[in-house]
Amino acid sequence: MRNNSLRHSNFFLKRSVQKTEDKLTRRGIPITSGKIISDQTFGFWIALFLGHHYSLIAGEPIHIFVNKPATEDRASIYSKLDDIRNFRNRVNHCEPLCFVGNNIDCVEVLNIRTKLYQLIEWIEPELIPFFESIDNIQSKVDNIMRI
């Protein structure tokens, strides 16, 4: 995490881990790898797919997607994850999700849903039925489109 190639990212991963260690120390909680891993942000995990981080860890992050098609690579996975992160941020900032100007448009919502399902399937296909059982996006989009 100290490699000079990471200087342009201001050593983001190192600072993220240090922030967690500092927080745990202030709270008197023992520092363990599990605590550090569980405290990292979505942005931290996505950053592992940026070229400068990815190359330093010899492409290991892509191995979590054991069922990905051969056509998918680091850059395409990063793009999907970044789209999901950007959408999640829009949700957290209460931005409109199904409007383009004055028009109702849920295409982006459905595209993000598709990307989520793809990534889940590439990690563990047996999780899909669970997510389908709690997924109400399509019914919400159908309700919106009836307006």
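It should be emphasised that the depicted structure is a prediction, and the values quoted were computed from it without experimental measurement.

Calculation rules
Residues numbered from 1 in each chain as written. Predicted model: local features only at pLDDT ≥ 70, side-chain atom pairs only at ≥ 80, totals over all residues. Heavy atoms only, no water. Helix = DSSP H or I, 4+ residues; strand = E, 2+ residues; numbered from the N terminus. Polar contact = N/O pair within 3.5 Å; in protein donor to acceptor, adjacent residues only side chain to side chain. Contact = heavy atoms within 4.5 Å. Expected span 1.5 Å × (residues − 1). Axes fitted to C-alpha atoms, helices over the stretch in contact; angles between N-to-C directions. Parallel < 35°, antiparallel > 145°, perpendicular 65-115°, else oblique. Nonpolar A, V, L, I, M, F, W, Y, C, P; charged D, E, K, R; others polar. Buried < 20%, exposed > 50% of the residue type's maximum accessible area, 1.4 Å probe, protein only. Core = buried A, V, L, I, M, F, W, Y, C linked by side-chain atoms within 4.5 Å.

### Points about the side chain of Glu72
Stage number 1. Mapping Glu72 onto the fold places it in the loop between helix 4 (51-56) and helix 5 (74-92).
Stage number 2. Here Ser76 takes part through its side chain, which lies 2.6 Å from a polar atom of the side chain of Glu72.
Stage number 3. Glu72 has contacts with Lys80 and Trp122, leaving out every residue within four places of it along the chain.

### Looking at helix 5
Note: α-helices contain 3.6 residues per turn, so residues at a spacing of three or four share the same orientation.
Stage number 1. Over its 19 residues, helix 5 runs 27 Å from end to end, which matches the ideal 27 Å to within 8%, given 1.5 Å per residue.
Stage number 2. Each element contacted by the buried residues of helix 5 is listed here: helix 3 (42-47) and helix 6 (107-123).
Stage number 3. Looking one or two places after helix 5, you find Cys94, whose phi comes out positive at around 55 degrees.

### Re the packing of helix 6 against helix 8 (residues 137-145)
Stage number 1. Contact pair helix 6 / helix 8: the axes reach a minimum separation of 11 Å and the direction vectors enclose 170 degrees. If you check the angle between helix 6 and helix 8, you find them roughly antiparallel. Mapping the contact onto sequence places Val109, Leu110 and Arg113 in helix 6 and Ile137, Gln138 and Val141 in helix 8.
Stage number 2. Here the residues of the contact of helix 6 with helix 8 sort into four nonpolar, one polar and one charged.

### Quick word on the environment of Leu127
Stage number 1. Turning to its location among the elements, Leu127 is positioned in the loop between helix 6 and helix 7 (128-134).
Stage number 2. Exposure remark for Leu127: the relative accessible area of 37% places this residue in the partly exposed category.
Stage number 3. Each C-alpha atom, one on Leu127 and one on Pro61, is 20 Å from the other, the two residues being 66 residues apart in sequence.

### Quick word on helix 6
Stage number 1. Along its 17 residues, helix 6 runs 25 Å from first to last C-alpha, staying within 8% of the 24 Å computed at 1.5 Å per residue.
Stage number 2. Residues Val109, Ile112, Tyr117, Leu119, Ile120 and Trp122 constitute the buried set of helix 6.
Stage number 3. Along its buried surface, helix 6 packs onto helix 5, helix 7 and helix 8.

### Here's the deal with unusual backbone geometry
Stage number 1. For Cys94, which is not glycine, the phi dihedral falls at a positive 55 degrees.
Stage number 2. Within the secondary structure, Cys94 is located in the loop between helix 5 and strand 1 (99-100).

### Things to note about the nonpolar core
Stage number 1. Phe49, Phe65, Ile77, Leu81 and Leu119 are the most contacted members of the largest nonpolar core, which totals 16 residues.
Stage number 2. Every element with two or more residues in this core is listed here: helix 5 and helix 6.
Stage number 3. For Phe49, the contacting residues outside a window of four places in its chain are Tyr54, Pro61, Ile62, Phe65, Arg74, Ile77, Tyr78 and Leu81.

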